Amino acid sequence: MKKIFLILTMTIFATTAFAQTNLQEVSVALSKAKVVRGEFSLERFSQKMNRAIKSSGVFTIAPEHGIIWFTQNPIKTTQVVTKNFMLTENSHGKRTKIQSDENKIYLQMAILTSALFSGDLSAIERSAHLDFSCQGENWRVEIFPNDASIKAMLEKISIAGKFSKETCVATEMRIVSKNGDSTFYQLRGHKFFDTLTNNEKSFFEENP
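These numbers come from a predicted model, not from an experiment.

Rules used in this analysis
- Going along each chain's sequence as written, the residues are numbered from 1 onward.
- Whole-chain, interface and lining totals are the exception, using all residues; otherwise, since this is a predicted model, local features are given only for residues with pLDDT of at least 70 and side-chain atom pairs are given and counted only at 80 or more.
- Here the side-chain values reflect all heavy atoms present in the structure, with hydrogen atoms and water set aside.
- Aromatic pairs are defined between Phe, Tyr and Trp rings, using the six-membered ring for Trp, whenever the two ring centres lie within 6.5 Å; interplanar angles under 30 degrees are classed as stacked, those over 60 as edge-to-face, and all others as tilted.
- Strands here are runs of E lasting at least two residues and helices are runs of H or I lasting at least four, both read from the DSSP assignment and numbered beginning at the N terminus.
- Categorising residues by exposure relies on relative accessible area from a 1.4 Å probe, with only protein chains included: less than 20% of the type maximum marks a residue as buried, more than 50% marks it as exposed, and the intermediate range marks it as partly exposed.
- Note on criteria: charge over ring means Lys NZ or Arg CZ within 6 Å of the ring centre, with the direction from the centre no more than 35 degrees off the ring normal.
- We define a nonpolar core as any set of buried Ala, Val, Leu, Ile, Met, Phe, Trp, Tyr and Cys residues linked to one another through side-chain atoms lying within 4.5 Å.
- The contact rule is simple, with two residues in contact once any of their heavy atoms fall within 4.5 Å.
- Under this definition, polar contacts are N or O atom pairs within 3.5 Å; protein pairs additionally need one hydrogen-donor-capable and one acceptor-capable atom, and for neighbouring residues in sequence, both atoms have to be side-chain atoms.
- What counts as a salt bridge is simple: a side-chain nitrogen of Lys or Arg found within 4 Å of a carboxyl oxygen of Asp or Glu.
- When DSSP finds two or more bridges between two strands, those strands count as paired.
- Fitting a line to C-alpha atoms yields each axis, with helices limited to the stretch in contact; the angle taken between N-to-C directions then spans 0 to 180 degrees.
- Here, the arc refers to the directions that run from the helix axis to the C-beta atoms.

Trainee: Got a sec to walk through the packing of aromatic side chains? Specific residues and values, please.
Mentor: Inspection of the entire model under this criterion finds five aromatic pairs. A ring pair is formed by Trp69 and Tyr185, whose centres lie 4.3 Å apart and whose planes are at 25 degrees; its orientation type is stacked. With Trp69 in strand β3 (residues 66-73) and Tyr185 in strand β11 (residues 182-193), this residue pair connects regions lying 116 residues apart in the sequence. Grouping residues by exposure puts Trp69 and Tyr185 together as buried. Geometrically, the ring pair formed by Phe70 and Phe203 is edge-to-face, given 5.7 Å between the ring centres and 75 degrees between the ring planes. A residue pair is termed long-range when its members are at least 10 positions apart, and Phe70 in strand β3 and Phe203 in helix α6 (residues 198-204) qualify at 133 residues. Across the pair, exposure class does not vary: Phe70 and Phe203 are buried alike. It is Arg95 that lies over the ring of Phe203; its NZ or CZ is 4.0 Å from the centre. Taking the ring centre of Phe184 as reference, the NZ or CZ of Arg174 above it sits at 4.0 Å.

Structure (structure tokens):
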């Protein structure tokens, strides 16, 4: 389940005709941002233990590459998600990499989330059912996987955000499992850049 929880990603665009905004516009807008950085808070809820574990840090979203979660509290760790591999780095700097073809569930979920942020809705529509809604500046898309093996573990992924004329950002993401567990990300302080740092590039390399 941790592989599913690490998936993740977010950023968006703007229009004045909010009522006419559709998912294609949101997805294309997400793909326009070269690099987005900001802060996040994360809450993982365990149904079995009936308790939540909280953490926080900073994130980097690069639609052409993937997402990096730099957790700073309570323990410094790093998680990287792309549609080709997932990588984790512990507090001692040791990196562990999982190729997408080693885990069918990870591969499908990575395709679903990365496709949304890269503007390729056709890849999502082949693998999941989508529900999109927009009210005022607020939009939300819920992704329900079609694959039976994924549906057995994952209920849905919900991503929400805001539109404005200048920017479009994702502000939250919720992953709900079939067993009642959930993972909830909140994103804030979005800033836009043209390039990745050398450190960020090293995490996205095929052979770090």
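Trainee: Lay out the nonpolar core with the relevant residues and their values.
Mentor: If you look at the biggest cluster of nonpolar residues, it comprises 35 residues, and the most contacted ones within it are Leu116, Ile124, Trp139, Ile143 and Ile159. Ranked by size, the runner-up nonpolar core spans 10 residues in total, among them Val35, Ile68, Leu87 and Leu196.

Trainee: Any chance you could break down the environment of Arg140 for me, citing the residues and the numbers?
Mentor: Looking at where Arg140 falls in the secondary structure, it is placed in strand β8 (residues 138-145). In this structure the C-alpha to C-alpha distance between Arg140 and Glu172, which are 32 residues apart in sequence, comes to 9.4 Å. Ignoring sequence-local partners within four residues, the contact set of Arg140 consists of Asp131, Phe132, Ser133, Ser158, Ile159, Ala160 and Glu172. Here the side chain of Arg140 touches Glu172 through a polar contact of 3.2 Å, side chain to side chain.

Trainee: Describe the pattern of salt bridges, naming the residues involved and giving the relevant values.
Mentor: Where side chains of opposite charge bring their charged atoms close, a pairing between them can arise. Applying the stated rule across the entire model yields seven salt bridges. The salt bridge partner of Arg37 is Glu200, with a shortest N-O separation of 2.8 Å. With a gap of 163 residues between them, Arg37 in strand β1 (residues 35-46) and Glu200 in helix α6 connect regions that are remote in the sequence. Given a relative accessible area of 18%, Arg37 falls into the buried group. Look at Glu200 and you get buried, because its relative accessible area is 4%. A salt bridge links Glu142 to Lys156, with the shortest nitrogen-to-oxygen separation between them at 2.8 Å. Of the two residues, Glu142 is situated in strand β8 and Lys156 in strand β9 (residues 154-163); the sequence distance between them amounts to 14 residues.

Trainee: Kindly report on the sheet that holds strand β7 (residues 128-135), identifying the contributing residues and their values.
Mentor: Spatially, β6-β5-β4-β3-β2-β1-β11-β10-β9-β8-β7 is the arrangement adopted by the 11 strands of the open sheet, whose pairing is antiparallel. Edge strands, defined here as strands with exactly one partner in the open sheet, are β6 (95-99) and β7. If you compare each strand with its neighbour and ignore which way they point, the axes differ by 15 degrees on average. The sheet contact formed by strand β5 (residues 85-89) and β6 spans five bridges and is antiparallel. The residue of β6 that forms the bridge with Phe85 is Gln99. Together, β7, β8, β9 and β10 (168-177) form the strand contacts of helix α2 (residues 23-32), whose direction differs from that of β7 by roughly 90 degrees.

Trainee: Lay out α2 with the relevant residues and their values.
Mentor: Turning to α2, its buried residues number three or more, namely Leu23, Val26, Ser27, Ala29 and Leu30. Angularly, the buried residues of α2 cover 160 degrees about the axis, an arc narrow enough to put them on a single face. The backbone nitrogen of Gln24 has a side-chain oxygen 3.1 Å away, supplied by the residue at the start of α2, namely Asn22.

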